[in-house]
Amino acid sequence: MSNIQLLNGQIALVTGASRGIGAAIAAELGQQGATVIGTATSASGAESIQSNFKQAGIKGVGMALDVNDITQVEFVLKEIAAQFGDISILVNNAGITRDTLLMRMSDEDWDAVISTNLKSVFRMSQAVLRPMMKARTGRIISISSVVGHMGNAGQTNYAAAKAGMSGFTKSLASEVGSRNITVNCVAPGFIETDMTAELPETIKTKMLERVPLGRLGNVKEIASTVAFLASPNAAYISGETIHVNGGMYMA
Amino acid sequence: MSDIEQRVRKIVCEQLGANEADVKNASSFVDDLGADSLDTVELVMALEEEFDCEIPDDEAEKITTVQQAIDYVNANLK
């Protein structure tokens, strides 16, 4: 664990921070000195984020936020501004899956995934951009997926949303680079989370055959990449997707 | 110079990093003061904040000179 406080004085917002990759990102940013606001869709999720922070000695709070609800987004951002100041690091992590073959996919399956995983990135980024532009600094980091680059049967909606992030990221990076704001993606491969824990052993074994490093990734390995992009060390990286997948997909 | 005119000119100077002497009422943000598209968006946002109003996009597009900004504020604010 790094003891260098590279993110001292930064205010970071991490969506979907109650478990898995989001929780690890929130913890890592906090350990590097940032004040972290972690969001979850439920009030109980927000409470558990808060108690995690307390245990780990991290400055910050948990808040309830449904990224699909523009009024909630506005409310949460106002609260953050009042309590902590302007957000300098946004991590778009909240996401859902509704896996099924396209032949069987409903409009609801499609819309829910595109809205929660992609439209939320538009909405959150737009909401934090004004203070970042004024401050002439900022970091927007979206958690994409290897699936957005490789494709995956049963995930047309998820892959489309994740690939969409990449185009969004490159375009926004072009728009706001002159204001010293960087916009990037981190694309995890197979990571040990609740999402992958549910998979049957046979599928896991098959998946691992495609990973040169021969193991699933750890959430901390995603979190440290996000923390790097958020840090001054990554000041000249923008519009980029960093793949963290054990060599499973080489861009 | 009216109060509104002064406030508009001050914002233009701040946002575009221009010298007060270079900012004439006839100055075009893009052609004379070197603003890019993002600068003009920021300028409109700054005007909205200063005068506590919301300028609709189709109106904002028509504000391309200092005078047009002054006229807009004069016409739309009490």
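Note that the structure is predicted; figures quoted are calculated from it, not measured.

Asks: Describe the overall build of chain B, naming the residues involved and giving the relevant values.
Replies: In terms of helices and strands, chain B carries four helices and zero strands. Listed by position from the N terminus, the elements making up chain B come as α-α-α-α. Radius of gyration (C-alpha) of chain B: 11 Å, near the 12 Å computed for a compact globule of 78 residues. For chain B, the spread of C-alpha atoms along the principal axes amounts to about 30 × 30 × 20 Å. Relative to its 78 residues, chain B shows a buried fraction of 44%. Surface exposure of chain B reaches about 4,600 Å², of which carbon and sulfur atoms provide 44%. Charge separation in chain B, taken as the distance between the mean sites of 6 positive and 20 negative side-chain charges, equals 7 Å.

Asks: Break down the environment of Ser224 of chain A for me, citing the residues and quoting the values.
Replies: Tracing the sequence through the fold places Ser224 of chain A in helix H9 (residues 219–230). Spatially, the C-alpha atoms of Ser224 of chain A and Glu28 of chain A are 6.7 Å apart, while their sequence positions differ by 196 residues.

Asks: With reference to specific residues and values, describe unusual backbone geometry.
Replies: You will see that Asn180 of chain A, though not glycine, has its phi angle at about 65°, which is positive. Its location among the elements puts Asn180 of chain A in the loop between helix H6 (156–176) and strand E6 (181–188). Residue Asn180 of chain A is classed as partly exposed on the basis of its relative accessible area, which comes to 43%. The phi torsion at Asp52 of chain B lies on the positive side, around 50°, for a residue other than glycine. Relative to the assigned elements, Asp52 of chain B resides in the loop between helix H2 (37–50) and helix H3 (57–60).

Asks: Help me get a handle on the sheet that holds strand E1 (residues 11–14) of chain A, residues and values and all.
Replies: Residues and elements named next belong to chain A. Across the sheet, which stays open at both edges, the seven strands sit in the order E3-E2-E1-E4-E5-E6-E7 with parallel pairing between neighbours. Of all the strands in the sheet, just strand E3 (60–64) and strand E7 (241–244) have a single pairing partner and so form its edges. With direction set aside, neighbouring strand axes in the sheet form an average angle of 15°. Note: E1 against strand E2 (residues 35–40), four bridges, orientation parallel. Bridge pairing in E2 links Ala12 to Val36. Against the sheet, helix H3 (residues 70–83) makes contact with E1, E2 and E3, and its axis sits at roughly 160° relative to E3, the strand it touches most.

Asks: Give me the interface of chain B and chain A: which residues, what numbers.
Replies: Contact residues are listed per partner, giving seven residues for chain B and eight residues for chain A. When the two sides are added together, the surface that chain B and chain A hide from each other amounts to roughly 680 Å², 42% of it contributed by carbon and sulfur. Inspection of the chain B/chain A interface yields six salt bridges. Of the charged contacts in the structure, one is a salt bridge between Glu49 of chain B and Arg130 of chain A, with a shortest N-O distance of 3.1 Å. Between chain B and chain A we count five residue pairs in polar contact (both at pLDDT 80 or more) in total.

Asks: An account of the confidence of the model for chain B is needed here, citing residue identities and associated values.
Replies: When pLDDT is averaged along chain B, the result is 92, and 99% of the positions lie at 70 or above. Across the predicted assembly, pTM comes out at 0.92 and ipTM at 0.78.

Asks: With reference to specific residues and values, describe the layout of surface pockets.
Replies: Volume-wise, the second largest pocket comes out at about 1,000 Å³. In this structure, the second largest pocket is lined by 27 residues; those nearest its centre are Gln126 and Arg130 of chain A together with Val41, Met45 and Asp57 of chain B. Of all the secondary-structure elements, those providing two or more residues to the lining of the second largest pocket are helix H4 (107–135) and H6 of chain A together with H2 and H3 of chain B. Looking at the lining of the second largest pocket element by element, the count peaks at eight residues for H2 of chain B. Its residues assigned to classes, the lining of the second largest pocket comprises 15 nonpolar, six polar and six charged.

Asks: Summarise the pattern of salt bridges; cite the residues concerned and give the values.
Replies: Any two side chains of opposite charge can pair if their charged atoms end up close together. The tally for this structure, following the rule as stated, stands at 14 salt bridges over all chains. For Glu42 of chain B, the salt bridge goes to Arg136 of chain A, with nearest N and O atoms at 3.2 Å. With Glu42 of chain B in helix H2 and Arg136 of chain A in the loop between H4 and strand E5 (138–143), this pair bridges two chains. For Arg136 of chain A, a relative accessible area of 36% translates into the label partly exposed. Across the salt bridge formed by Glu59 of chain B and Lys62 of chain B, the nearest N and O atoms sit 3.9 Å from each other. For Lys62 of chain B, a relative accessible area of 53% puts it in the exposed group.

Asks: Any chance you could break down the nonpolar core for me, citing the residues and the numbers?
Replies: Residue and element names in this part refer to chain A. In this structure, Val14, Ile25, Leu29, Val36, Val91, Val186 and Val226 are the most contacted members of the largest nonpolar core, which totals 30 residues. When contributions to this core are tallied by element, the ones reaching two or more residues are E1, helix H1 (20–31), E2, helix H2 (43–56), strand E4 (89–92), E5 and H9. For this core, the element with the most residues is H9, which contributes seven residues. The contacts of Val226, once residues within four sequence positions are left out, are Ile25, Val91, Ile141, Ile143 and Val186.

Reading the values: the criteria
Residues numbered from 1 in each chain as written. Chains lettered and ligands numbered in written order. Predicted model: local features only at pLDDT ≥ 70, side-chain atom pairs only at ≥ 80, totals over all residues. Heavy atoms only, no water. Helix = DSSP H or I, 4+ residues; strand = E, 2+ residues; numbered from the N terminus. Rg over C-alpha atoms; globule rule 2.2 N^0.38 Å. Buried < 20%, exposed > 50% of the residue type's maximum accessible area, 1.4 Å probe, protein only. Areas by Shrake-Rupley, 256 points an atom, 1.4 Å probe, with all protein chains shown as cover. Lys, Arg positive; Asp, Glu negative; His and termini not counted. Charge placed at Lys NZ, Arg CZ, Asp CG, Glu CD. Pairing = 2+ DSSP bridges. Axes fitted to C-alpha atoms, helices over the stretch in contact; angles between N-to-C directions. Contact = heavy atoms within 4.5 Å. Buried area = accessible area lost by both parts, 1.4 Å probe. Salt bridge = Lys/Arg side-chain N within 4 Å of Asp/Glu carboxyl O. Polar contact = N/O pair within 3.5 Å; in protein donor to acceptor, adjacent residues only side chain to side chain. pLDDT = per-residue confidence, 0-100. 1 Å grid on protein atoms, 1.4 Å probe; cavity = no way out; pocket = protein on both sides within 12 Å on 5 of 7 lines; lining within 4 Å. Points joined across faces, edges and corners; volume = space filled by probe spheres on them. Nonpolar A, V, L, I, M, F, W, Y, C, P; charged D, E, K, R; others polar. Core = buried A, V, L, I, M, F, W, Y, C linked by side-chain atoms within 4.5 Å.

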